[in-house]
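Listed below, chain by chain, are the residues.
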Amino acid sequence: MQVQVSIESLYRQHAPRVLATLIRRLGSFDAAEEALHDAFAEAVSRWPGEGVPDAPVAWLIRVGHRRGIDQIRRRQTARQHAHLLVPDESEADEARDIADDPLRLLFTCCHPALPMSDRLALTLREMAGLTTEQVASALLQRPTALAQRIVRAKRRLRAAGIPYEVPDAAELPARLPGVLGVIYLIFNEGYSCSDGERVVDAPLADEALRLGEALADLLPRGEVFGLLALMRLHHARREARQDARGELVPLEEQDRRRWDAGQIRAGLAWLERALALTPTDPYTLQASIAAVHAQAPSAEATDWRRIVRLYGALQQQRPSPVIELNRAVAVAMHDSPEAGLALLEALADHHQLVDYHLFHAARADLHRRAGHREAARHAYERALALAMQEPERRFLARRLAALDAAGPVSAASGPSGSAAPGRGSPA
Amino acid sequence: MQYVALVYYQERLIEAMSEREWHDLNQECLGCVERLTEQGHFITGRALQPMESATSVRRRDGEVLVSDGPFAETKEQLAGFYLLEARDLNEALRLAGGIPPARLGTIEVRPVRDLPPKDETGDPS
């Protein structure tokens, strides 16, 4: 049982790295994926008896490579030509190649010849080893549509002759934004994994941070620093995001003493470097918002005016209904729940938000604070119907129950009523 | 790999050019072909007469239908093509980016497809 669990965690942790090297050595995504599964199947049958090898990744690459070549040779006997697939490099070159393989995979999956949505889907699937359902949720898409997208994207990689390589210095700047977008999505997936019991999936967030830092070495640019700042500052809150019972705690109710001071320091240091180079870059702006939260002693004592301004700047740089949603929530905190609600209602028909549980959760919360109990109940129920993640569902259910426990709505609570007691708009 | 680079632009941009600009663009294209040839990337390629010279042919139920004009109305019109030899898509895109009309319109880059080998026996006709 112990070894079983360890194979699963090794799969999650190392499968992308093994896959990245197998794609290079076997010259095909499909052959590499098959070889990867063969390698893990062999691990499942051998490791419980023999024990986990000291270097499991190297073991899996070795076995996968051998099985992949066997497969290719078997198929090629039927064909006229055969390629020799055994690497003929020195051990040092091969070691460097293996270290670079995840970046090679990343840049290939993020190739601009693929539509952006394909890049995200493919990278999350291949590079982060997520399930199709998890990728679909992270991208606000339906799982069936996403599965087709991945098949199409892989076919396109092959048919278009997209090379398996890290782009050279001249090409790198143009290729960067797609890669950063993907890393950030991996990070977010690590933060709120779909369908699961867990609130936090640290290895995935760590993987995104690791990729980001590797990229920062490769390409020391403000955008990369901004993304790293953003991820570190969010990462700092991960322990506070759930209570002792594993229940979700929203930002404004988090025990800020549980925020990781080391992560915040690291985040602020990345932010400083980013601000010096790319102050209006979307990641730098988002990191600036996270930094305002990170440095505020409480939700009430947060500089919401600055956050509203930063979201406004962000909306200008990269217009998105999700950013407008966040701006509306900040406006509600700075001004009044009604002011936030007015902004949210204007977004209600947006196709990206109609089935987005966090949109309805935000609406519910603002209605609750404004004292509109029926509207709040409606929105919580809608959010609950859409939320996939158990802790989020339990959080929404608790809010819904609290709404019922609050007793009849007082006739006095109208549009001019103050925000919810205990918090809401700062003075 | 072999790639076709299809050159598209709005013909009205060309029509609006002065004689001098048109001459210079053509000279630039000749230089581009020369360079691609020297580097071993140029297999073949031609510029095309304007869209008004296009004729479309279809065969339906054995009947040949001829009509004037292109098959589909597009915002940009096909103006020429290159058949290029490139290591991979990245190289093909770099080469296509150097084709002078890339700054006027769009170069569509497509890998060529090899037809399957001819059947040993049996003639389809």
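The model shown is predicted, which means the values in this text are computed figures rather than measured ones.

## A short note on the interface of chain A and chain B
Facing the 6 residues of chain A at the interface are 5 residues of chain B. Of the residues contributing to the side of chain A that touches chain B, the split by class is 5 nonpolar, 1 polar and no charged.

## Re the packing of helix α10 (residues 222–235) of chain A against helix α12 (residues 282–295) of chain A
All names here are of chain A. At a minimum axis separation of 8 Å, α10 and α12 run at an interaxial angle of 30 degrees. Here α10 is positioned roughly parallel relative to α12, judged by the angle of their axes. Handedness of the crossing formed by α10 with α12: left-handed. In this structure, α10 contributes G222, E223, G226, L227, A229, L230, L233 and H234 to the contact, and α12 contributes Y283, T284, Q286, A287, A290, A291 and A294. Of the residues assigned to the contact of α10 with α12, the class counts are 9 nonpolar, 5 polar and 1 charged.

## So, the sheet that holds strand β6 (residues 106–111) of chain B
Residues and elements named next belong to chain B. The sheet built from 4 strands is open, its strands ordered β2-β5-β1-β6 with antiparallel pairing. Across the chains shown, the open sheet's two edge strands, defined by having one partner strand only, are β2 (42–47) and β6. Ignoring which end each strand starts from, the neighbouring axes of this sheet average 20 degrees apart. In this structure, strand β1 (residues 2–9) lies alongside strand β5 (residues 77–85), joined through 8 bridges in antiparallel fashion.

## Brief notes about the confidence of the model for chain A
Atom-level detail of predicted coordinates should not be read off regions where pLDDT is low. Residue and element names in this part refer to chain A. Across chain A, pLDDT averages 84, with 86% of residues at or above 70. For the stretch residues 80–86, pLDDT sits under 50, and the model shows 6 contacts to residues farther than four places along the chain or on other chains. Overall, residues 409–427 carries pLDDT values under 50, and its contacts beyond four positions in sequence, including any with other chains, amount to 27 contacts.

## Some remarks on helix α18 (residues 390–405) of chain A
Residue and element names in this part refer to chain A. For α18, with 16 residues, the first-to-last C-alpha span of 22 Å sits near the 22 Å given by 1.5 Å per residue. Of the residues making up α18, those classed as buried are P391, E392, F395 and L396. One face of α18 carries all of its buried residues, which in axial projection span an arc of 140 degrees. Residues A401, D404 and A405 are exposed on α18 and point more than 90 degrees away from its buried face. Buried residues along α18 sit in contact with α16 (357–370) and α17 (373–386).

## A short note on the pairing of strand β3 (residues 55–60) of chain B
All names here are of chain B. For β3, the tally of buried residues reaches only 0 of 6 residues, placing the bulk of the element at the surface. With 6 bridges connecting them, β3 and strand β4 (residues 63–68) associate as antiparallel partners. Residue S56 lies in a different strand from β4, and its bridge partner there is S67. Taken together, β3 and the strand that follows it, β4, pair antiparallel across an intervening segment of 2 residues, in which D61 is found at a positive phi of about 50 degrees.

Rules of the game
Residues numbered from 1 in each chain as written. Chains lettered and ligands numbered in written order. Predicted model: local features only at pLDDT ≥ 70, side-chain atom pairs only at ≥ 80, totals over all residues. Contact = placed C-beta atoms within 7 Å. Nonpolar A, V, L, I, M, F, W, Y, C, P; charged D, E, K, R; others polar. Axes fitted to C-alpha atoms, helices over the stretch in contact; angles between N-to-C directions. Helix = DSSP H or I, 4+ residues; strand = E, 2+ residues; numbered from the N terminus. Parallel < 35°, antiparallel > 145°, perpendicular 65-115°, else oblique. Left-handed = near helix turned anticlockwise from the far one by under 90°. Pairing = 2+ DSSP bridges. pLDDT = per-residue confidence, 0-100. Expected span 1.5 Å × (residues − 1). Buried ≥ 20, exposed ≤ 12 C-beta atoms within 10 Å, placed from the backbone. Arc of directions from axis to C-beta.

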